[in-house]
Amino acid sequence: MPKSTKKKVVITYGTYDMLHVGHLNLLRRAKELGDYLIVGVTSEDYDRSRGKLNVHQSTDQRVEAVKKLDFVDEVIVEKHKFQKESDVVKYDVDVFAIGDDWVGKFDYLKPYCKVVYIPRTEGISSTQLRAKKLHTINVGIVGTGRIAHRFASEAKHVSSLELTAVMSRNLTHVEEFINKHDILYGFQDFSELLIGSNVDAVYIATPHETHFKYAKQALLAGKHVLCEKPISLEPNQLKELIDIALAKKLVLLEAVKTAFFPGFEKLLSEIKKGKIGDVIEVRASFSKLISDKNQREWSSAHGGAVTELATYPLLLAQKILGESKCRSFHSIIENDVDGYTTIIQEYDRGLSLSSVGIGAKTEGSAIIAGTKGYIYVPAPWWLTKEYFIRYENASMEKRYQFELDGDGLRYEISEFVTLRNLCTPTN
Ligand code: CTP
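All values derive from a computational prediction rather than experimental measurement.

Here is what the cut-offs are and how they apply
Residues numbered from 1 in each chain as written. Predicted model: local features only at pLDDT ≥ 70, side-chain atom pairs only at ≥ 80, totals over all residues. Heavy atoms only, no water. Helix = DSSP H or I, 4+ residues; strand = E, 2+ residues; numbered from the N terminus. Buried < 20%, exposed > 50% of the residue type's maximum accessible area, 1.4 Å probe, protein only. Contact = heavy atoms within 4.5 Å. Salt bridge = Lys/Arg side-chain N within 4 Å of Asp/Glu carboxyl O. Pairing = 2+ DSSP bridges. Axes fitted to C-alpha atoms, helices over the stretch in contact; angles between N-to-C directions. Parallel < 35°, antiparallel > 145°, perpendicular 65-115°, else oblique. Left-handed = near helix turned anticlockwise from the far one by under 90°. Nonpolar A, V, L, I, M, F, W, Y, C, P; charged D, E, K, R; others polar. Phe/Tyr/Trp six-rings, centres within 6.5 Å; stacked < 30°, edge-to-face > 60°. Lys NZ or Arg CZ within 6 Å of the ring centre and 35° of its normal.

**Some details on the overall build of the protein chain**
Part 1: Tallying secondary structure elements over the protein chain gives 14 helices and 19 strands in all.
Part 2: Projected onto its principal axes, the C-alpha coordinates of the protein chain cover approximately 85 × 60 × 40 Å.
Part 3: By the burial criterion, 51% of the 427 residues in the protein chain qualify as buried.
Part 4: Put simply, 64% of the contacts in the protein chain that link residues at least 6 apart link residues at least 24 apart.

The structure is reproduced here in structure tokens:
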């Protein structure tokens, strides 16, 4: 159409979770800048990939809410961070409008259209509304090792969670921890932490052999449990913990960070959609070479590659192929400890090979083979920052990339908070 009769197109973007007056003001003002308003609502995957966790409503719910507004003419879904540039060209946009919390961030669109930063409405945000809706969960950390420190740093990025207490048998470590992470209570005794602080939940980050004892005690005391892997070393112990958690309606979650990464979730959904046909084989490795045989990982009591690392490749196999019919372990044993093991599992129509090593180094990649194509996840596959879907026709290859915020633990912590909000403990 000739430029003079063309409608003036305005575009804006946002999550629009729990639509509030700030959103309405922004959208109304945006519409006033032209004749036709297009709103890009972020997809769940995109929000997670940019570290926006705990969004309350699904993409469909948010799209529907925005569509109902009189002054919105069209709603599209924003799926990745490079989309704005192509949308502006595709929709022949005249004005790009966004709240002034983004000042300067979208100036790169100026060669294509006018960029307007609209003043934000003071005193309201979806973050605030979510915080009111979700109860804050008070968490006590059990253990003061490296992973406990990482957890404490990452937990600061998850809303509706407060770290209130820490426990270790070493008082010096407790003192260092509470000072470093600004935590209210420190304990040397686990029972005291359960009784003497206001924790709703515990994160267990102690050596493997203590997990069951602490998890059981916490669940019996009515606390939700996030526990480092493996939760227990015996199947009957795990069953006991699950039974208590179910009876008391408490969350019991194993801290396998990979399960909650955006790239990993997307990979599983591609497989579910049949992108590579029926899965025939899942092959993955994870090795962490530990040359000092005096380290905990080489202890004949509770060490070994399987105990230390198998959770990760077994997670991948289980999520894709489900429960196996039978499994066999093939190990290279040194001083009664498995330094390298391959676990082979058979399913009705498929196989998985999971290799783990503390005494040998191997490539940490994963390959998922299907009847139509395969997925290659380069090392370290357990971060799932990138993967390729490949076919017989090599030109059909597709590459997917994801970003992880921080060191990634915040995704698992955020899932724990969400699950906890879905549970009503019986006590
Ligand atoms: N916005 C606004 N005034 C507010 C809140 C949001 O003008 N009080 C604008 C933002 O600047 C953006 C649009 O509304 O242009 C959508 O923002 P969104 O991120 O969905 O809203 P927030 O409430 O800021 O969400 P969150 O707290 O999750 O970041």
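Next, the rest of the story.
**Details of the pattern of salt bridges**
Where charged atoms from two side chains of opposite charge approach closely, those side chains can pair.
Part 1: The tally for this structure, following the rule as stated, stands at 27 salt bridges.
Part 2: In this structure, the salt-bridge partner of E386 is R399, at a minimum N-O distance of 2.6 Å. Of this pair, E386 sits in strand β18 (residues 386–391) while R399 sits in strand β19 (residues 398–401); the two residues are 13 residues apart in sequence, bridging distant segments of the chain.
Part 3: Several salt bridges share partner residues, and in doing so they unite D45, K266, E270 and K275 into one network.

**Some remarks on the sheet that holds strand β4 (residues 95–99)**
Part 1: Strands sit in the order β3-β2-β1-β4-β5 across an open sheet of five strands; the sheet is parallel. The open sheet has two free edges, formed respectively by β3 (74–78) and β5 (114–118), since each of these has just one partner strand. Strand-to-strand twist of the sheet, defined as the mean angle between neighbouring strand axes without regard to direction, takes the value 25°.
Part 2: As paired strands, β4 and β5 are joined by five bridges and run parallel to one another. Paired with V95 across the strands is K114, a residue of β5.
Part 3: Along the sheet face, helix α1 (residues 21–32) touches β1 (9–14), β2 (36–42), β4 and β5 and points at about 140° away from the line of β2.
Part 4: Contacting β2 and β3, helix α3 (residues 59–67) crosses the sheet at an angle of about 160° to β2.

**Some points on the packing of helix α9 (residues 211–220) against helix α10 (residues 235–248)**
Part 1: At a minimum axis separation of 10 Å, α9 and α10 run at an interaxial angle of 15°. Looking at the two axes, α9 sits roughly parallel to α10. Classified by chirality, the crossing of α10 by α9 is left-handed. Only Q237, E240, L241, I244, A245 and K248 of α10 make contact with α9, whose side of the interface consists of F212, A215, K216, L219 and L220.
Part 2: Each residue belonging to the contact of α9 with α10 can be placed in one class, and the counts come to seven nonpolar, one polar and three charged.

**Section: the side chain of S354**
Part 1: Counting through the fold element by element, S354 comes out in strand β15 (residues 350–357).
Part 2: Non-local contacts of S354, meaning those with residues more than four positions away in its chain, are made with A284, P313, L314, T341, T342 and I343.

**Section: the packing of aromatic side chains**
Part 1: Here the structure, examined in full by the defined rule, presents 14 aromatic pairs.
Part 2: Taking 5.7 Å as the distance between ring centres and 55° as the angle between the ring planes, the aromatic pair formed by W102 and F106 counts as tilted.
Part 3: Of the residues examined, W102 reaches a relative accessible area of 34% and is grouped as partly exposed.
Part 4: Plain terms: the ring middles of Y185 and F187 are 6.3 Å apart, the flat faces sit at 35° to each other, and that makes the pair tilted.
Part 5: Among the aromatic side chains, those forming a connected cluster through ring pairs are Y13, F96, W102, F106 and Y108.
Part 6: Sitting above the plane of the Y214 ring, K213 keeps its charged end 4.9 Å from the centroid.

**Focus: the sheet that holds strand β12 (residues 279–287)**
Part 1: On the basis of which strands lie adjacent, the open sheet formed by eight strands has the order β13-β14-β15-β12-β16-β17-β18-β19 and mixed pairing. Both edges of this open sheet fall to β13 (326–334) and β19, since each of them pairs with a single strand only. In this sheet, neighbouring strand axes are inclined to one another by 10° on average, regardless of whether the strands run parallel or antiparallel.
Part 2: When β12 meets β15, the two strands line up parallel, connected through seven bridges. For R283, the partnering residue across the bridge sits in β15 and is L353.
Part 3: Strands in contact with helix α11 (residues 262–272) are β12, β16 (366–370), β17 (373–377), β18 and β19; relative to β18, the strand with the most contacts, it is inclined by about 20°.
Part 4: The sheet contacts of helix α13 (residues 311–321) involve β12, β14 (337–347), β15 and β16, and relative to β12 the element is tilted by about 165°.

**Some details on α13**
Because the α-helix completes a turn every 3.6 residues, residues three or four places apart line up on one side.
Part 1: Counting buried residues in α13 gives eight out of eleven residues, a clear majority hidden from the surface.
Part 2: Those residues of α13 that fall on the buried side of the exposure criterion are T311, Y312, P313, L315, L316, A317, I320 and L321.
Part 3: Just downstream of α13, G322 is the residue with a positive phi angle, here 80°.

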